[in-house]
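# Architecture at a glance
Here's the letter readout for the chains.
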Amino acid sequence: MNIQTICRPLFSGKVAPREGTLPWGRHGEYDGLMYVYDQYDQTIVDERVAQFRDQTARFLTGQISDEAFLPLRLQNGLYVQRLAPMLRIAVPYGLMNSTQLRKLADISRDYDKGYAHISTRQNVQLNWPQLEEVPDILEELASVQMHAIQTSGNCIRNTTTDQFAGVAPDELDDPRPYCEIIRQWSTLHPEFAFLPRKFKIAVCGSRQDRAAIHNHDIGLDLVTDAENNLGLKVLVGGGLGRTPAIGAVIREWLHPTHLLTYLEAILRVYNQHGRRDNKYKARIKILVKAMGVPAFREAVEQEWRSLKNGPTTLTQQAIDHARSFFRAPDYAILDSEDARQDIQSRCMADPIFAQWFQSNTQAHRMPGYRIVTLSLKATGYAPGDITAEQMELVAELADRYAYGEIRSTHQQNLVLADVRMSLLYELWQELQPAGLATANIGFLTDMICCPGGDYCSLANAKSIPVAEAIQSRFDSLDYLYDLGPIELNISGCMNACGHHHIGHIGILGVDKKGQEFYQVSLGGSQSKDASLGKILGPSFKQEDMPDIIDTILCTYLSLRKAEESFLETYRRVGINPFKERVYAQNY
Amino acid sequence: MPKIIRRGVITADNRHGIDADAETTLPGQVCTLAQWLKLADKCGSAVQLEPGQPPAPLLEHLEDIELVVIHFPVLTDGRGFSYGRELRERGYLGELRASGHFIRDQLTYLVRCGFDAFQMADNTDLEAALLSLNDFSEHYQAAVDEPLPLFRRRQIAAS
């Protein structure tokens, strides 16, 4: 072998298209709805499966040490957890088709216990796979254009975005083409596979931020400049975890063609200068703080000077190509007045449907359509869990009502983005018996919750039982609606997978001399007015948590003015009234 | 002499290895950065960079240097990937060698960052390690081994 065989030829036309994959430029069955692999994507994913199969075989025969196998399996989404390995499957920016969801149902049944979990990175997790079978699972995933690449490990993770991308009325531009461009660039990036720590990117294309871009290593916001040209605002150094931080703007406006070279410059600064001596200080937010925003910005700009206008500069054709996958389905031209009247009479006749319509459907940019959120937060079930039967039903309903497309959300629910208003009642009737129509989206019991101490070996405390206790205590929908929108987020440890810092009410599991306690914070927000929660005071026992939450909610109800939301009241009165009421009761 | 992989073949390493404590180095011997900085004549020189030693001081002498060794004390410290890529992007054409505790599963990434020689701490089965050079036949990104990113090559293929 010589250098020519190591270094690949410029145009590798050598890989014959696999049967069933599509040539360049054709989108196939899910036309216009989502990215579809061509032979290049398929080759990369197939070769990754073969590579991991070989790595697993070498590990099982003792040819790779535990220490060396660790980063290899993590970069394929495989954790070794408390009870079994956990496999995290990538759902790029939360977008799936019905074929993929059916495959996930099959996999959860064939290789696991018949259910899966939606994570706060819009991914899907299996809690009980066998290590020996993981290569087979990855092969099954590759057959439907899915993978588990870089869903954990110290590398660039799955890029996330607004679950209402492409259909939200407040959208400036569709973020998904940029997410796909970032997905391809970050997949198996040779320079950035062994970063100081994990690295998360989120993109927002709307006025309201539904992607929590202020709390990501890099947040990208689609904005226009003074001449109304579309570009990207670049935020760096946001994050949750032990040291929560709001991202700093390092560039107000970047032309989209420079997206990848600019990202590369940021990553290069981070890869070389991020701390590696202490994993709790290794995230980019610590580097940005240590250097100061102006110095960090200057380091990025300097690095960028050598990359700018290089081959990684996007072409307009490349952006248009990415866009062509997210055109929009073939919408019917509908009369919004007819649709409104139809829904109104349905709601009058059936108040339970009316509740669901109010809380679980959102305005759509097309007249006569709604966005539907399927709640995975039914009382008695772990938040974000979904059974194989439910996945199959959702796939079927997606085919019948929503062009075969499903989205996962970072609030751990599923979305059917394009449902005709005239079919909502019918859809709701099918969701109800399957436990997918809990009318609580955006309310207290639609909580974000990590797997916690029941599954995760990092956790200090359990989180699911706390979520369940709160869900059962506040099961009355009338009461939830009276409380109005409240985001309650629970993490089992300070790694903050449950995003407790940005919940209006945050709960963090802590370990106190071997006992599980819970710390409460108030006033976090993940919107464009992002803020981090403030700690209420000393932590509480698990059994006291429903009472504590009750006291906090009663305090809010007694203080709120007119239509004020929980967050608005909190911002007006501050933490003290809550503190006084909660600790007056001798917890 | 220890075996290394150079340009895809297993071969003997013919250089004098690094001696960090030596006051003076032999011609062609691998130097620490401090030793190398003191060399009056850098023609034909060989220098080893550790994590935390970016290649900036080398950039003025890229045509004189014959060998740059980038040391990976642990497999998870990825700074060397950026150092290698930067050297190649700035026009370094000599041997770029990774040494230390990386593993065969990292070889494709290293090749893509411009490394053409590998001195593995565990060199018991270099024949098997060579197989890992063929893990991937296709890539998304532009890198040292592939100057055009896939989006540009797709565009060319479609036109």
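## Observations concerning the overall build of chain A
Looking only at helices and strands, one finds 19 helices and 21 strands in chain A. Rg of the C-alpha trace for chain A: 24 Å, near the compact-globule value of 25 Å for 587 residues, within the 12% margin. When the 587 residues of chain A are sorted by exposure, 62% land in the buried category. Contacts in chain A between residues at least 24 apart in sequence constitute 68% of all its contacts with a sequence separation of at least 6.

## Examining the interface of chain B and chain A
Every contact between the two is made by 51 residues of chain B and, on the other side, 58 residues of chain A. Of the roughly 5000 Å² buried at the junction of chain B and chain A (both faces included), carbon and sulfur atoms supply 56%. Interface area lost by chain B to chain A is led by Tyr109(B), Tyr140(B) and Arg154(B), which between them contribute 16%. Where chain B packs against chain A, one counts eight salt bridges. If you look at where chain B meets chain A, you find 23 residue pairs in polar contact (both at pLDDT 80 or more). Taken together, the elements giving at least two residues each to the side of chain B that touches chain A come down to helix 2 (79–89), helix 3 (107–112) and helix 5 (150–158) of chain B. Broken down by element, the side of chain B that touches chain A gets its largest block of residues, nine residues, from helix 5 of chain B. Tallied by class, residues from the side of chain B that touches chain A come to 23 nonpolar, ten polar and 18 charged.

## Thoughts on the domain arrangement of chain A
Residues and elements named next belong to chain A. Domains assigned within chain A are domain 1 (32–142), domain 2 (167–324), domain 3 (336–434) and domain 4 (448–584). Taken together, the contact between domain 2 and domain 4 spans 14 residues of the former and twelve residues of the latter. Of the roughly 1200 Å² buried between domain 2 and domain 4, counting both surfaces, carbon and sulfur atoms make up 62%. A per-residue breakdown of the area domain 2 buries against domain 4 is headed by Leu240, Gly241 and Arg242, which together make up 34% of the total. Counting the contacts that link domain 2 with domain 4 gives zero salt bridges. Our enumeration of links across domain 2 and domain 4 arrives at two residue pairs in polar contact (both at pLDDT 80 or more). The class makeup of the residues in the side of domain 2 that touches domain 4 is six nonpolar, four polar and four charged.

## A word on the sheet that holds strand 2 (residues 85–89) of chain A
Residues and elements named next belong to chain A. If you walk across this open sheet you meet the five strands as 1-2-5-4-13, and the pairing is antiparallel. Unpaired on one side and paired on the other, strand 1 (78–80) and strand 13 (385–387) mark the two borders of the sheet. Here the average twist between neighbouring strands, direction ignored, is 30°. In terms of strand pairing, strand 4 (residues 115–118) meets strand 5 (residues 124–126) through two bridges, oriented antiparallel. In the strand pairing of strand 5, His117 is matched with Gln125.

## Brief notes about the nonpolar core
Formed by 155 residues in total, the largest nonpolar core has its most connected members in Ile218(A), Leu259(A), Ile266(A), Phe296(A), Leu58(B), Val68(B) and Phe118(B). Contacts of Leu58(B), omitting those with residues within four sequence positions, involve Leu33(B), Trp36(B), Val47(B), Leu49(B), Ile65(B), Val68(B) and Leu87(B). Grouped together as the second largest cluster of nonpolar side chains are 38 residues, Leu444(A), Ile464(A), Leu522(A) and Leu553(A) included.

## Some details on the packing of helix 12 (residues 351–360) of chain A against helix 14 (residues 424–431) of chain A
Residues and elements named next belong to chain A. Orientation of helix 12 relative to helix 14, taken along the N-to-C sense of each, is 100°, at an axis distance of 11 Å. On the basis of their axis angle, the class for helix 12 and helix 14 is roughly perpendicular. Of helix 14, the residues touching helix 12 (which contributes Ile352, Phe353, Trp356 and Phe357) are Leu424, Tyr425, Trp428 and Leu431. The class makeup of the residues in the contact of helix 12 with helix 14 is eight nonpolar, no polar and no charged.

## As for the side chain of Asn489(A)
Residues and elements named next belong to chain A. The topology assignment puts Asn489 in strand 17 (residues 488–491). The class for Asn489 is buried, based on a relative accessible area of 3%. Not counting chain neighbours up to four residues away, the residues in contact with Asn489 comprise Ile448, Gly498, His499, His500, Ile502, Gly503, Ile505, Gly506 and Ile507.

## Brief notes about the sheet that holds strand 11 (residues 361–363) of chain A
Residue and element names in this part refer to chain A. The strand order across the open sheet formed by five strands is 3-14-15-12-11, and the pairing between neighbours is antiparallel. If you trace the sheet from one side to the other, it starts and ends with strand 3 (95–97) and strand 11, each paired once. Going across the sheet, the axis of each strand differs from the next one's by a mean of 30°, ignoring polarity. Sheet analysis places strand 3 next to strand 14 (residues 405–408), joined by three bridges and oriented antiparallel. Paired with Met96 across the strands is Ile406, a residue of strand 14.

## Quick word on helix 9 (residues 293–307) of chain A
Helix length check: helix 9 of chain A, at 15 residues, gives a terminal C-alpha distance of 21 Å against a target of 21 Å (1.5 Å per residue), a fit within 8%. Buried within helix 9 of chain A are the following residues: Phe296(A), Val300(A), Glu301(A), Glu303(A), Trp304(A) and Leu307(A). Buried-residue contacts for helix 9 of chain A involve strand 9 (230–236), strand 10 (248–254), helix 7 (259–273) and helix 8 (284–291) of chain A together with helix 2 of chain B. Of the residues trailing helix 9 of chain A, Asn309(A) is marked for its positive phi of about 65°.

## Considerations on unusual backbone geometry
All names here are of chain A. The phi angle at Ala328 is positive, at roughly 130°, despite the residue not being glycine. You can see Ala328 is positioned in the loop between helix 10 (316–324) and helix 11 (336–349). Backbone geometry places Lys513, a non-glycine residue, at a positive phi of 50°.

## With respect to the packing of aromatic side chains
All names here are of chain A. What the rule picks out here adds up to 28 aromatic pairs over all chains. Judged by centre distance (5.5 Å) and plane angle (40°), the rings of Phe199 and Tyr270 are tilted. Of this pair, Phe199 sits in the loop between helix 6 (176–186) and strand 7 (201–204) while Tyr270 sits in helix 7, placing them 71 residues apart in sequence. Ring geometry for Tyr570 and Phe578: centres 6.1 Å apart, planes at 40°, overall tilted.

## A closer look at the pattern of salt bridges
Pairing between side chains of opposite charge can happen when the charged atoms of each approach one another. All names here are of chain A. Inspection of every chain in the model, using the stated rule, returns 50 salt bridges over all chains. Arg109 is the salt-bridge partner of Glu392, the closest N and O atoms lying 2.9 Å from each other. Note that Glu392 is positioned in helix 13 (residues 388–401) and Arg109 in helix 4 (residues 98–111), a separation of 283 residues in sequence. Note on Glu392: relative accessible area 29%, which makes it partly exposed. Given the relative accessible area of 35%, Arg109 is considered partly exposed.

## Some points on the pairing of strand 4 (residues 45–49) of chain B
Residue and element names in this part refer to chain B. In terms of residue burial, strand 4 counts as a mostly covered element, since five of its five residues are buried. Along strand 4, one buried face is formed by Ser45, Val47 and Leu49 and the opposite face, lined by Ala46 and Gln48, is buried too. Pairing of strand 3 (residues 30–32) with strand 4 involves three bridges; the strand directions are parallel. Bridging from a neighbouring strand, Thr32 pairs with Gln48 of strand 4. In this region the chain leaves strand 3, passes through helix 1 (residues 33–38) and returns to the parallel neighbour strand 4; the handedness of that crossover is right-handed. In this structure, strand 4 lies alongside strand 5 (residues 65–72), joined through five bridges in parallel fashion. Directly across from Gln48, in strand 5, lies its bridge partner Val69.

## Points about the layout of surface pockets
Residue and element names in this part refer to chain A. Its boundaries defined by the atoms lining it, the second largest pocket holds a volume of some 840 Å³. Along its surface, the second largest pocket is lined by 35 residues, and Gln208, Gln411, Gly442, Pro485 and Glu487 are the ones closest to its centre. Counting only elements with at least two residues in the lining of the second largest pocket, the list comes to helix 12, strand 11, strand 12 (369–374) and helix 18 (566–573). Split into classes, the residues belonging to the lining of the second largest pocket amount to eleven nonpolar, 17 polar and seven charged.

Calculation rules
- Residues numbered from 1 in each chain as written.
- Chains lettered and ligands numbered in written order.
- Predicted model: local features only at pLDDT ≥ 70, side-chain atom pairs only at ≥ 80, totals over all residues.
- Heavy atoms only, no water.
- Helix = DSSP H or I, 4+ residues; strand = E, 2+ residues; numbered from the N terminus.
- Rg over C-alpha atoms; globule rule 2.2 N^0.38 Å.
- Buried < 20%, exposed > 50% of the residue type's maximum accessible area, 1.4 Å probe, protein only.
- Contact = heavy atoms within 4.5 Å.
- Buried area = accessible area lost by both parts, 1.4 Å probe.
- Salt bridge = Lys/Arg side-chain N within 4 Å of Asp/Glu carboxyl O.
- Polar contact = N/O pair within 3.5 Å; in protein donor to acceptor, adjacent residues only side chain to side chain.
- Nonpolar A, V, L, I, M, F, W, Y, C, P; charged D, E, K, R; others polar.
- Domains from an automatic or database assignment.
- Pairing = 2+ DSSP bridges.
- Axes fitted to C-alpha atoms, helices over the stretch in contact; angles between N-to-C directions.
- Core = buried A, V, L, I, M, F, W, Y, C linked by side-chain atoms within 4.5 Å.
- Parallel < 35°, antiparallel > 145°, perpendicular 65-115°, else oblique.
- Expected span 1.5 Å × (residues − 1).
- Phe/Tyr/Trp six-rings, centres within 6.5 Å; stacked < 30°, edge-to-face > 60°.
- Right-handed = clockwise from strand over helix to strand, strands pointing away.
- 1 Å grid on protein atoms, 1.4 Å probe; cavity = no way out; pocket = protein on both sides within 12 Å on 5 of 7 lines; lining within 4 Å.
- Points joined across faces, edges and corners; volume = space filled by probe spheres on them.

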